[in-house]
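Listed here are the chains, written in short residue letters.
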Amino acid sequence: MSEALWNDLKSRCESCRGCPLGKTRTNLVFGVGNREADLMFVGEAPGQAEDEQGIPFVGAAGKLLDRYLFAVGIPRESVYIANILKCRPPMNRDPNPEEQDACIGYLREQVRLIQPRIIVCLGRISAMRLIKPDYRITREHGQFIRKGGVLMTAVYHPAALLRDPSKKEDMLLDMERIKEQLDLLTKA
Ligand code: URA
């Protein structure tokens, strides 16, 4: 991983005005974690807590994600966590297509630099953007596909689990399978 390329990417994100959110955000939420990670999680967009702290998944949904990582034995520091958008949409609305188009290139550059073995989309918006536009999270969560040499899957967004706890059992099963795949790929 080239430090110079990474820092250049981050500073381009800091000064990005590719969509109006660069002006309304408090902090850029570039991403957090291990830049050599085998496993990468991609959420949707920063919420209020993330915007305030400049770190993804630190609010209520993030705390729940931490519990799943702990439950299946994946240290949070070992993975990389980012979002489709690096700036918070006002009132936590869904990122619109123009914002996603303006921002997705930065995520793709992060993926190229990190070179994860597995990418896990957190929720529908991320899965529709990274796996396929007609992704159906209820039907397809937990299924693995190979795309460009990377294993990809999607799980429910932790915020969806907070709204509907009946999905939590499926989430645990999906996370256990992700850990199995990770072990298969990295302990060979
Ligand atoms: N939800 C997301 O999709 N991303 C975050 O960083 C926080 C909440």
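Not measured: the values here are computed from a predicted model.

### Brief notes about the sheet that holds strand 5 (residues 145–147)
- Strand order across the open sheet formed by 6 strands is 1-3-2-4-6-5, with mixed pairing between neighbours. Of all the strands in the sheet, just strand 1 (32–33) and strand 5 have a single pairing partner and so form its edges.
- Pairing of strand 2 (residues 39–43) with strand 3 (residues 80–83) involves 4 bridges; the strand directions are parallel. Paired with valine 42 across the two strands is alanine 82, which belongs to strand 3.

### Things to note about the site of the ligand
- Near the ligand the following residues occur: Gly43, Glu44, Ala45, Glu50, Pro56, Phe57, Asn83 and His157.
- Within the side chain of asparagine 83, a nitrogen or oxygen atom sits 2.8 Å from a nitrogen atom of the ligand.
- Within the side chain of histidine 157, one N or O atom sits 2.8 Å away from an oxygen atom of the ligand.
- For the ligand, the protein covers 92% of the area, taking 240 Å² as the surface of the free molecule.
- The residue inventory of the shell around the ligand, partitioned by class, reads 3 nonpolar, 3 polar and 2 charged.

### Comments concerning unusual backbone geometry
- Positive phi values are uncommon outside glycine, yet phenylalanine 57 reaches one of about 50°.
- For phenylalanine 57, the position within the fold is in the loop between helix 3 (48–53) and helix 4 (60–72).
- Backbone geometry places asparagine 92, a non-glycine residue, at a positive phi of 60°.

The rules behind each value
- Residues numbered from 1 in each chain as written.
- Predicted model: local features only at pLDDT ≥ 70, side-chain atom pairs only at ≥ 80, totals over all residues.
- Heavy atoms only, no water.
- Pairing = 2+ DSSP bridges.
- Helix = DSSP H or I, 4+ residues; strand = E, 2+ residues; numbered from the N terminus.
- Near = heavy atom within 4 Å.
- Polar contact = N/O pair within 3.5 Å; in protein donor to acceptor, adjacent residues only side chain to side chain.
- Areas by Shrake-Rupley, 256 points an atom, 1.4 Å probe, with all protein chains shown as cover.
- Nonpolar A, V, L, I, M, F, W, Y, C, P; charged D, E, K, R; others polar.

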